[in-house]
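One letter stands for each residue in the lines below.
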Amino acid sequence: QVQLVESGGGLVQAGDSLRLSCAASGVTFGWHGTGWFRQAPGKEREFVAGISRSGGSTDYADSVKGRFIISRDNAKNTVYLQMNSLKPEDTAVYYCAARGPFTPFSYDGKEYNYWGQGTQVTVSS
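What counts and what doesn't
- Residues numbered from 1 in each chain as written.
- Predicted model: local features only at pLDDT ≥ 70, side-chain atom pairs only at ≥ 80, totals over all residues.
- Heavy atoms only, no water.
- Helix = DSSP H or I, 4+ residues; strand = E, 2+ residues; numbered from the N terminus.
- Rg over C-alpha atoms; globule rule 2.2 N^0.38 Å.
- Buried < 20%, exposed > 50% of the residue type's maximum accessible area, 1.4 Å probe, protein only.
- Disulfide = S-S within 2.5 Å.
- Core = buried A, V, L, I, M, F, W, Y, C linked by side-chain atoms within 4.5 Å.
- Phe/Tyr/Trp six-rings, centres within 6.5 Å; stacked < 30°, edge-to-face > 60°.
- Lys NZ or Arg CZ within 6 Å of the ring centre and 35° of its normal.
- Pairing = 2+ DSSP bridges.
- Axes fitted to C-alpha atoms, helices over the stretch in contact; angles between N-to-C directions.

**Student:** Would you explain the overall build of the protein chain in this entry?
**Tutor:** When helices and strands are counted, the protein chain shows 0 helices and 11 strands. In terms of overall dimensions, the protein chain is globule-like: its C-alpha atoms have a radius of gyration of 13 Å, near the 14 Å expected for 125 residues. Here the C-alpha coordinates of the protein chain stretch approximately 40 × 25 × 25 Å along the principal axes. In the protein chain, buried positions account for 45% of the 125 residues.

**Student:** Just checking my understanding: could you explain the state of the cysteines for this structure?
**Tutor:** Put plainly, two cysteines are in a disulfide when a covalent bond ties their sulfur atoms together. Overall, the coordinates contain 1 disulfide when judged by the stated rule. Across the disulfide from C22 sits C96; the S-S distance is 2.1 Å. For the disulfide bridge between C22 and C96, the dihedral angle about the S-S bond is near -75 degrees, and by the sign convention the bridge is left-handed. Here C22 is found in strand β3 (residues 18-25), whereas its partner C96 is found in strand β9 (residues 92-101), with 74 residues between them in sequence. Both residues of the pair, C22 and C96, belong to the buried class.

**Student:** I'm lost on the nonpolar core in this one. Help?
**Tutor:** In a soluble, globular protein the nonpolar side chains are often hidden away together inside. Membership of the largest hydrophobic core comes to 28 residues, with the highest contact counts inside it found for W36, F68, L81, M83 and Y94. Core analysis: the second largest hydrophobic core is formed by 5 residues, F47, A97, F105 and Y112 among them.

**Student:** Would you mind going over the packing of aromatic side chains with me for this structure?
**Tutor:** The geometry of two aromatic rings is summed up by the distance between their centres and the angle between their planes. Taken as a whole, this structure holds 9 aromatic pairs when the rule is applied. Between F37 and W115 the ring centres are 5.2 Å apart and the planes differ by 55 degrees, which places this aromatic pair in the tilted class. Here F37, found in strand β4 (residues 32-39), pairs with W115, found in strand β10 (residues 114-115); they are 78 residues apart in sequence, far enough to count as distant. Three or more aromatic residues joined by ring pairs form one cluster here, namely F37, F47, Y95, F105, Y107, Y112 and W115. One cation-aromatic arrangement involves R45 over F37; the distance from NZ or CZ to the ring centre is 5.9 Å. Note that R72 overlies the ring of F29, its terminal NZ or CZ placed 5.2 Å from the centroid.

**Student:** What's the story with the pairing of strand β1 (residues 3-7) in this structure? I'm lost.
**Tutor:** In summary, the side chains of a regular strand alternate between the two faces of the sheet. Burial along β1 is one-sided: L4 and E6 are buried, and none of Q3, V5 and S7, which face the opposite way, are. Bridge count for β1 against β3 is 5 bridges, and the pairing is antiparallel. Note on β3: the bridge partner recorded for L4 is A24.

**Student:** Before we go on, may I ask you to explain the sheet that holds β3 in this structure?
**Tutor:** Adjacent strands of a sheet pair through backbone hydrogen bonds, lying either parallel or antiparallel. The antiparallel open sheet is built from 4 strands, whose spatial order is β1-β3-β8-β7. Looking along the sheet, the strands with just one partner apiece sit at the ends: β1 and β7 (68-73). Pairs of neighbouring strands in the sheet enclose a mean axial angle of 15 degrees, with direction left out of account. In this sheet, strand β8 (residues 78-83) lies alongside β7 in antiparallel orientation, the contact comprising 6 bridges. Across the sheet, R72 pairs through a bridge with V79, a residue of β8.

Okay, structure coming up:
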């Protein structure tokens, strides 16, 4: 059974940093393109960042480019999202998602097979 578990969320002030982790079990994480998404209250879920199976290719939403860094450690079956210079508009529930085996990450959440339960990030001004 595939399980993704996010951690690292919390309440921080604008300008602070957080690192989210997504630990996978029941799957060889390095076989799966992986993405981070977020959903703020009253808004649709949106793509934040994606990383290829090897970690050699990444991409970001324009709103976080230059501030967030996605990475992965396949030996630990874990994907990370380093979030720097946080802004109040980054407040959301952040979700980790994985596609099927041997597929690249996607900007469309509908193309992901597995999702974590989410972790809350709140940035105060």
